[in-house]
Amino acid sequence: MTNNQTKQVVIVGGGTAGWLTAASLAKRFNSAGQGNIQVTLVESPDIPTIGVGEGTWPTMRKTLANLGISETDFMRQCHVSLKQATKFVNWKETPKPGIDNHYYHLFTSFHDAADFNMAPYWQRGEVGQAATFAQSVSVQGAICEKHLAPKLMTNKEYEGVQNYAYHLDAGEFAKLLKDHAINNLGVLHVSANVTDVNLDDDGYIEAVETDTDNAIHGDLFVDCTGFKCLLIGDALGVAFKSIDDTLLTDYAVVMQVPYKDDNQAIASCTISTAQEAGWIWDIGLANRRGTGYVYSSKHSSHERAEQKLREYIGEQSEGLTARFIPMNIGYREKFWHKNCVAVGLSAAFIEPLEASAIFLMEAANNMLMELFPRDRAAMVMVEKKYNDSLMFRWNKTIDFIKMHYLLSRRSEPFWLDNRTKTTLPSSLTDLLARWEHHPVSGYDFDNVYEPFPLESYQYILYGMGFEQDLSFNPGQYSKRDQAQQSFKKIQSITKQVEQQLPTNRQLLTKIQQFGFQKL
Amino acid sequence: MTIEALSNKLHSALKLQQDPCLIQSKNRHFAPLVVGEFVAASQDFPIVFIKEQETGQFKSIALLGIEPGSNVFYSDEGWQGNYRPQAYSLSPFMVSQQDNNTDAILCIDNKSPLISTEHGRAFFDEKNQACDWVSKRGEQVVSYVEQTQVTQQFIKVLLDFELLAPQTLTLKPTGKSETSLNGLYAIDEKKLNALDSNKFDSLRQSGALVAIYASLISMQRIEALVRASSKA
């Protein structure tokens, strides 16, 4: 079938990656219509999904809206709560009693830093001397501190007063996508175990054999089999590259924590609390919290990790069972090989510190849809483009996560090891060296597909207390008045929105009863 | 507001005054409307839709003014419109119903300025029975509550058929600065005309069509509202 056009897409593996990819492709290609590209998803009835990826980026709003899913339905089914930041606690230094040690990585800044960059004025002490960087440039940190929601009931679906993303139940999310993909978008579903992968003479995948059906033939295959990596790994032999020399965590112990009662606040940000050998995530869904300690098994025993997680949760952890998940941190040397594309855990996995997992699936899908190759000849070109672009994004994500560790002044062995030279990518240390004497600039990020914007770097750098000396060329900071006016305005808007917004819990309760309007 | 179930024990001495000004509408720039009022109301007011602050649910309203707190139809000399929106004219009566199985209980707002022991018509007669006019008003309130549910159904159809569109009114009353009214939604005539015959027919059969056209025609009242605001 070398000369044939790409008409059949076969996705192996359900879960978030599989169903998100299936739904996205089928929607974009109008697969429900006669004669269009057909999308088939083969899913094992026996293999459970990993199901701990519970945080998204704001991009998910556009993704879901494009898929034609109602935000109300999504929020109700997937126990969604709204997320507007990550709060980093005890990352700066080992906690000392009485010393506040947290900062926010927010989704909304008052000014687009490309239009007016307030950071140098804050850094030089010209605005917000008593305020943190986040408080000086955004109202959103104050909103998070009070557990307020980023939107009102009168906002329509996917629209907010502040920028926001989601906390979601990954198992329910995969189910929602599956129902939508099958019932509304024309995805064909095969429930079966893949037993073998047939390659043709050129080493392309021809079909997958299953235990219930005939072989399933396809022109393009998407590997969403998670850590198993059946297609691109086992069948096509693309090697896995570990990055355990850069990011040192290799295990997670997770626990689902019920709320004490119907009045307990639901955080409107992800809370990440640094520990002696890693960090704990705390994600408040509408119906429960999801928590997990990501740690390095070289620096902590599993027993001690579980104990630390229980200490963090407190008495509510009594009677809860802990689940241990080994994490193989790294990526496939290629994400696209011949006629096979890996999306999700089969492509790469890094610790979920910045909730990049689902975002990178969306990014992969967007690129796959946009560059979808006509035939095998076209695949060769696309393969390179796709691999280069996604490799760039994964590397930038790794660097960005590493930056959190590098800037910490914590003193435990895990943290000291994280700052040893051999673990530091030069792509990161070069940037930091520049920023010691220069403000962060848009030109530091010249790729349109930078996963993290300039503002994200600023939130982490200044939140962590990065030492920056901006005494060079002081003449360029001539907009002090504007900076001070903006600062004042932000403080007064903060008071206004605090009055206006409901708590996250209030909003989530109302959604159950009323839902958002579509307009 | 103090809401009490109307009773001959508590309220036998009370009287209700006439309400020529629609006292409840003072300083309100809109009146909630039920769908049965659309035709009559369309002669006086623009009929639009807004979202309830707390729930985000749509409700239909008559615009009485173009800025919050201003009602150009209110005057101490008497209501300046022909039509009197029931949301205010039924005051101080209301009903309370615990759930669908129990009878509705007629209540009054005890703090209403229309209620006193001196002026107006007595609620109860010399035998301490509710007067006929009270029973009539009670029926009106019950019917209004039923109409509220019909109105919700009507709005649901508008949303299902995607016939509502956001509308920002930028208005310039003479001698005043320009104001914008946000958060208003109106029926989109183009979308109405583009409906397929089945849907359009279902609007006709359910009796929604006349309300839809009343709302569309009522938009002509905006200019009159702006003119009245200029004088004020």
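What counts as what
Residues numbered from 1 in each chain as written. Chains lettered and ligands numbered in written order. Predicted model: local features only at pLDDT ≥ 70, side-chain atom pairs only at ≥ 80, totals over all residues. Heavy atoms only, no water. Helix = DSSP H or I, 4+ residues; strand = E, 2+ residues; numbered from the N terminus. Rg over C-alpha atoms; globule rule 2.2 N^0.38 Å. Buried < 20%, exposed > 50% of the residue type's maximum accessible area, 1.4 Å probe, protein only. Contact = heavy atoms within 4.5 Å. Areas by Shrake-Rupley, 256 points an atom, 1.4 Å probe, with all protein chains shown as cover. Lys, Arg positive; Asp, Glu negative; His and termini not counted. Charge placed at Lys NZ, Arg CZ, Asp CG, Glu CD. Pairing = 2+ DSSP bridges. pLDDT = per-residue confidence, 0-100. Buried area = accessible area lost by both parts, 1.4 Å probe. Salt bridge = Lys/Arg side-chain N within 4 Å of Asp/Glu carboxyl O. Polar contact = N/O pair within 3.5 Å; in protein donor to acceptor, adjacent residues only side chain to side chain. Nonpolar A, V, L, I, M, F, W, Y, C, P; charged D, E, K, R; others polar. Core = buried A, V, L, I, M, F, W, Y, C linked by side-chain atoms within 4.5 Å. Axes fitted to C-alpha atoms, helices over the stretch in contact; angles between N-to-C directions. Parallel < 35°, antiparallel > 145°, perpendicular 65-115°, else oblique. Phe/Tyr/Trp six-rings, centres within 6.5 Å; stacked < 30°, edge-to-face > 60°. Lys NZ or Arg CZ within 6 Å of the ring centre and 35° of its normal.

### Topic: the overall build of chain A
Right, on to step 1. From N to C terminus, chain A includes 16 helices and 21 strands.
Right, on to step 2. In summary, chain A has a C-alpha radius of gyration of 23 Å against a globular reference of 24 Å for 519 residues, a match within 12%.
Right, on to step 3. Expressed as a percentage of its 519 residues, the buried residues of chain A come to 58%.
Right, on to step 4. Expressed as a percentage of contacts within chain A between residues at least 6 apart in sequence, the contacts between residues at least 24 apart total 77%.
Right, on to step 5. Of the accessible surface of chain A, which amounts to about 21,500 Å², a share of 49% is contributed by carbon and sulfur atoms.
Right, on to step 6. Side-chain charges in chain A split into 49 positive and 60 negative, and the spacing between the mean points of these groups amounts to 6 Å.

### Brief notes about the sheet that holds strand 2 (residues 15–16) of chain B
Residues and elements named next belong to chain B.
Right, on to step 1. Strand order across the open sheet formed by 3 strands is 8-2-9, with antiparallel pairing between neighbours. Pairing within the sheet leaves two strands with one partner each, and these edge strands are strand 8 (115–116) and strand 9 (121–122).
Right, on to step 2. Summarising the sheet, strand 2 and strand 8 pair through 2 bridges and their orientation is antiparallel. Considered in strand 8, the bridge of Leu16 is made with Ile115.

### Here we look at the confidence of the model for chain B
Low-confidence regions, as indicated by low pLDDT, have predicted coordinates that should not be scrutinised in detail.
Residues and elements named next belong to chain B.
Right, on to step 1. In the predicted model, chain B carries a mean pLDDT of 93, and the fraction of residues at 70 or more is 98%.
Right, on to step 2. For chain B, per-element mean pLDDT is lowest for helix 7 (residues 221–231), which scores 88, and highest for helix 1 (residues 38–41), which scores 98.
Right, on to step 3. This prediction of the complex comes with two scores: 0.93 for pTM and 0.86 for ipTM.

### Thoughts on the interface of chain A and chain B
Right, on to step 1. The partner chain B presents 13 residues to the 9 residues of chain A that form the contact.
Right, on to step 2. Interface area for chain A against chain B, summed over the two sides, is near 910 Å², with a carbon-plus-sulfur share of 55%.
Right, on to step 3. The three residues of chain A that bury the most area against chain B are Thr154, Gln517 and Leu519 of chain A, which together make up 65% of that side's buried surface.
Right, on to step 4. Remark: the boundary between chain A and chain B carries 1 salt bridge.
Right, on to step 5. Taking the shortest distance from any N to any O, the salt bridge between Lys510 of chain A and Glu54 of chain B comes out at 2.8 Å.
Right, on to step 6. Across the contact surface, chain A and chain B share 5 residue pairs in polar contact (both at pLDDT 80 or more).
Right, on to step 7. Partitioned by chemical class, the residues of the side of chain A that touches chain B number 3 nonpolar, 4 polar and 2 charged.

### Things to note about the nonpolar core
Right, on to step 1. Counting residues in hydrophobic clusters, the biggest one holds 142 residues, and the most contacted among them are Phe74, Trp91, Tyr386, Met403 and Trp435 of chain A.
Right, on to step 2. Broken down by element, the residue count for this core peaks at 12 residues, all from helix 11 (residues 376–406) of chain A.
Right, on to step 3. If near-sequence neighbours (up to four positions away) are discounted, Tyr386 of chain A is found in contact with Phe335, Trp336, Val341, Ala342, Val343, Ala364, Met367 and Leu368 of chain A.
Right, on to step 4. Ranked by size, the runner-up nonpolar core spans 48 residues in total, among them Leu163, Leu181, Leu216 and Val226 of chain B.

### Thoughts on the pattern of salt bridges
Right, on to step 1. Evaluation of the coordinates by the stated rule reveals 28 salt bridges over all chains.
Right, on to step 2. Where Glu93 of chain A meets Lys96 of chain A, a salt bridge forms, and the shortest distance between an N and an O atom there is 3.6 Å.
Right, on to step 3. For Lys96 of chain A, a relative accessible area of 45% translates into the label partly exposed.
Right, on to step 4. Residue Lys156 of chain B pairs with Asp160 of chain B through a salt bridge whose shortest N-O separation is 2.9 Å. Of this pair, Lys156 of chain B and Asp160 of chain B both sit in helix 3 (residues 132–160), separated by 4 residues, roughly a single helical turn.
Right, on to step 5. Members of the salt-bridge network, linked through shared partners, are Glu54, Asp169 and Arg288 of chain A.

### A few points about the side chain of Glu276 of chain A
Right, on to step 1. By the element assignment, Glu276 of chain A lies in the loop between strand 14 (270–275) and strand 15 (278–284).
Right, on to step 2. Reaching out from Glu276 of chain A, the side chain makes a polar contact with the side chain of Arg304 of chain A at a distance of 2.6 Å.

### Some remarks on the packing of helix 5 (residues 197–205) of chain B against helix 6 (residues 208–218) of chain B
All names here are of chain B.
Right, on to step 1. At a minimum axis distance of 5 Å, the contact between helix 5 and helix 6 shows a crossing angle of 95°. When the axes of helix 5 and helix 6 are compared, the pair comes out roughly perpendicular. Contacts from Phe200, Leu203 and Arg204 of helix 5 reach helix 6 at Ala208, Leu209, Ile212 and Tyr213.
Right, on to step 2. The residue inventory of the contact of helix 5 with helix 6, partitioned by class, reads 6 nonpolar, no polar and 1 charged.

### Focus: the sheet that holds strand 7 (residues 105–109) of chain B
All names here are of chain B.
Right, on to step 1. The antiparallel open sheet is built from 3 strands, whose spatial order is 1-7-6. Across the chains shown, the open sheet's two edge strands, defined by having one partner strand only, are strand 1 (3–5) and strand 6 (93–96). Here the average twist between neighbouring strands, direction ignored, is 40°.
Right, on to step 2. Note that strand 1 and strand 7 share 3 bridges and pair antiparallel. When the bridges of strand 7 are listed, Ala5 appears paired with Cys107.
Right, on to step 3. Contacts between helix 3 and the sheet are confined to strand 6 and strand 7, with strand 6 contributing the most and set at about 60° to the helix.

### Some remarks on the pairing of strand 4 (residues 85–89) of chain A
Residue and element names in this part refer to chain A.
Right, on to step 1. Within strand 4, 5 of the 5 residues are buried, which leaves it mostly tucked inside the rest of the structure.
Right, on to step 2. Note: strand 4 against strand 5 (residues 102–106), 5 bridges, orientation antiparallel. When the bridges of strand 5 are listed, Phe88 appears paired with Tyr103.
Right, on to step 3. Bridge analysis of strand 4 against strand 14 gives 4 bridges, and the strand direction is parallel. From the neighbouring strand, Val89 faces strand 14, where its bridge partner is Thr273.

### Topic: the environment of Lys396 of chain A
Residues and elements named next belong to chain A.
Right, on to step 1. Its location among the elements puts Lys396 in helix 11.
Right, on to step 2. Under the relative-accessibility criterion, Lys396 is labelled buried at 13%.
Right, on to step 3. With near-sequence residues (within four places) excluded, Lys396 lies in contact with Leu431, Glu450, Pro451 and Tyr457.

### Brief notes about the packing of aromatic side chains
A ring pair, where both rings are aromatic, is described by two values, the distance of the centres and the angle of the planes.
Residues and elements named next belong to chain A.
Right, on to step 1. Summed over all chains, the structure comprises 39 aromatic pairs over all chains.
Right, on to step 2. With a centroid separation of 6.1 Å and 40° between ring planes, the pair formed by Trp435 and Phe445 is classed as tilted. Here the residue Trp435 occupies a position in helix 13 (residues 426–435), and Phe445 occupies one in the loop between helix 13 and helix 14 (454–463), the gap between them amounting to 10 residues.
Right, on to step 3. On the basis of an interplanar angle of 65° and a centroid distance of 5.6 Å, the ring pair of Trp435 and Tyr457 is categorised as edge-to-face. One end of the pair, Trp435, is in helix 13; the other, Tyr457, is in helix 14, with 22 residues separating them in the sequence. Of the two residues, Trp435 and Tyr457, neither departs from the other in class, the shared state being buried.
Right, on to step 4. Positioned over the ring face of Tyr164 is Arg61, at 4.0 Å from the centre of the ring.
Right, on to step 5. Positioned over the ring face of Tyr259 is Arg505, at 5.0 Å from the centre of the ring.

### Structural notes on the pairing of strand 14 of chain A
Residue and element names in this part refer to chain A.
Right, on to step 1. In terms of burial, strand 14 is a largely internal element, 6 of the 6 residues being buried.
Right, on to step 2. In strand 14, alternate side chains face the same way, and those of Thr270, Ser272 and Ala274 on one face and Ile271, Thr273 and Gln275 on the other are all buried.
Right, on to step 3. Relative to strand 15, strand 14 runs antiparallel, the two sharing 5 bridges. From the neighbouring strand, Ser272 faces strand 15, where its bridge partner is Trp281.
Right, on to step 4. Connecting strand 14 to the antiparallel partner strand 15 that follows it, the hairpin turn spans 2 residues.

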